[in-house]
Amino acid sequence: MAKRLTRTALFGAVALIIFMVENAFPPLFAFAPGAKLGLSNAVIFLAVILLGYADAFSVLIVKLTFGSIFTGQISALMYSAPAGIASFAVTALLYRFAFDRIGIPSISLFSAVVFNIVQLGIASLIAGVNLMTVLPVMLVAGVIAGLTVGLICWLTVRYLPTKILFYMR
């Protein structure tokens, strides 16, 4: 139990640190203001692969909650939490049922696209304005971010020593 808690806490801390560092920089995509690569999502995806769904969900909740508190953007939680949970659900379902057919980068891509759609939908509801007009631009950013995160995860799993993978289970 202590080993599991320690691993989950370590993944949560790494995801939170990456999120905060990435949040300190301006957006990477000039064509999509506010869009980030979401590199901390690689930690969550790796947690799905290495730790399991329940522990990976805990890592997500830690990142969302403490990330919004530490960056002073508590109100952003109402946008990012539903989008993050929906994205996590897509990741978990595709990893469980379609991994052998589509692979890690594709799962990450679908997850990023779902995140953008849900986040824009929630923002539209809260603002009372149709923000879906920017969806095509955000989808391009989501595809780039999803493939980048997916490639990071694929390379990590591919080149991580087998001994470490065995230890993580």
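Summary of the structure given here. On a predicted model such as this, the values are computed, not experimentally measured, just so you know. Sequence order sets the numbering: in each chain, residues are counted from 1 along the sequence as written. Predicted model: local features are reported for residues with pLDDT of at least 70 only, side-chain atom pairs are reported and counted for 80 or more only, and whole-chain, interface and lining totals are derived from all residues. Heavy atoms from the whole structure form the basis of all side-chain values; hydrogens and water molecules are not counted.

Looking at the overall build of the chain
- Scanning the chain from terminus to terminus reveals six helices and zero strands.
- Ordered by position from the N terminus, the helices and strands of the chain form the series α-α-α-α-α-α.
- Within these notes, the globule rule equals 2.2 Å times the number of residues to the 0.38 power, and the radius of gyration is based on C-alpha atoms. A compact globule built from 169 residues should have a C-alpha radius of gyration of about 15 Å, and the chain, at 16 Å, falls within 12% of that.
- When its C-alpha atoms are laid out on the principal axes, the chain stretches across 50 × 35 × 25 Å.
- The contacts in the chain between residues at least 6 apart in sequence include a share of 69% that link residues at least 24 apart.
- Here the accessible surface of atoms and residues is derived via Shrake-Rupley with a 1.4 Å probe, and residues count as covered only by protein chains that are part of the display. In the structure as shown, the chain presents an accessible area of about 9300 Å², 75% of it carried by carbon and sulfur atoms. Segments assigned H or I by DSSP are reported as helices when at least four residues long, segments assigned E as strands when at least two residues long, and all are numbered from the N terminus. Here, two residues are considered to be in contact whenever any of their heavy atoms come within 4.5 Å of each other.

Let's talk about the side chain of Ser108
- Mapped onto the fold, Ser108 is located in helix H4 (residues 77–127).
- With a relative accessible area of 5%, Ser108 lands in the buried category.
- For Ser108, the contacting residues outside a window of four places in its chain are Phe45, Gly146, Val149 and Gly150. Three labels apply to residues, based on accessible area from a 1.4 Å probe with only protein chains included: buried if under 20% of the type maximum, exposed if over 50%, partly exposed otherwise in between.

As for the side chain of Lys63
- Along the chain, Lys63 turns up in helix H3 (residues 53–70).
- In this structure the side chain of Lys63 is engaged in a polar contact, spanning 2.9 Å, whose partner is the side chain of Asn41. Throughout this description, a polar contact denotes any pair of N or O atoms lying within 3.5 Å of each other; where both atoms belong to protein, one of them has to be capable of donating a hydrogen while the other can accept it, and for residues adjacent in sequence the pair is counted only when both atoms sit in side chains.

Comments concerning the pattern of salt bridges
- A pair is scored as a salt bridge if a Lys or Arg side-chain nitrogen falls within 4 Å of a carboxyl oxygen belonging to Asp or Glu. This model, assessed by the stated rule, comprises two salt bridges.
- Taking the shortest distance from any N to any O, the salt bridge between Asp55 and Arg4 comes out at 2.9 Å. Here Asp55 is found in helix H3, whereas its partner Arg4 is found in helix H1 (residues 2–23), with 51 residues between them in sequence.
- For Asp55, a relative accessible area of 9% gives the class buried.

Topic: the environment of Phe57
- Along the chain, Phe57 falls in helix H3.
- Residue classification places Phe57 among the partly exposed positions, given a relative accessible area of 31%.
- With 38 residues separating them in the primary sequence, Phe57 and Phe19 have C-alpha atoms 16 Å apart.
- Filtering out sequence-adjacent residues up to four positions away, Phe57 remains in contact with Ile85 and Phe88.

A short note on helix H2 (residues 40–50)
- With 10 of 11 residues buried, H2 lies mostly within the body of the structure.
- Restricting attention to buried positions, one finds in H2 the residues Ser40, Ala42, Val43, Ile44, Phe45, Leu46, Ala47, Val48, Ile49 and Leu50.
- Count one or two residues on from H2 and you reach Gly52, which has phi positive near 110°.

Things to note about the environment of Thr148
- With respect to the helices and strands, the residue Thr148 is situated in helix H5 (residues 135–159).
- For the pair formed by Thr148 and Pro105, sequence separation is 43 residues and the distance between their alpha carbons is 7.8 Å.
- In this structure, Thr148 is in contact with Leu37 and Leu39, ignoring residues within four places of it in sequence.

A look at the nonpolar core
- Membership of the largest hydrophobic core comes to 24 residues, with the highest contact counts inside it found for Phe11, Phe45, Phe88 and Cys153.
- Sorting elements by how many residues they give to this core places H2 first, with nine residues. Remark: nonpolar core denotes a set of buried residues (Ala, Val, Leu, Ile, Met, Phe, Trp, Tyr, Cys) joined through side-chain atoms within 4.5 Å.

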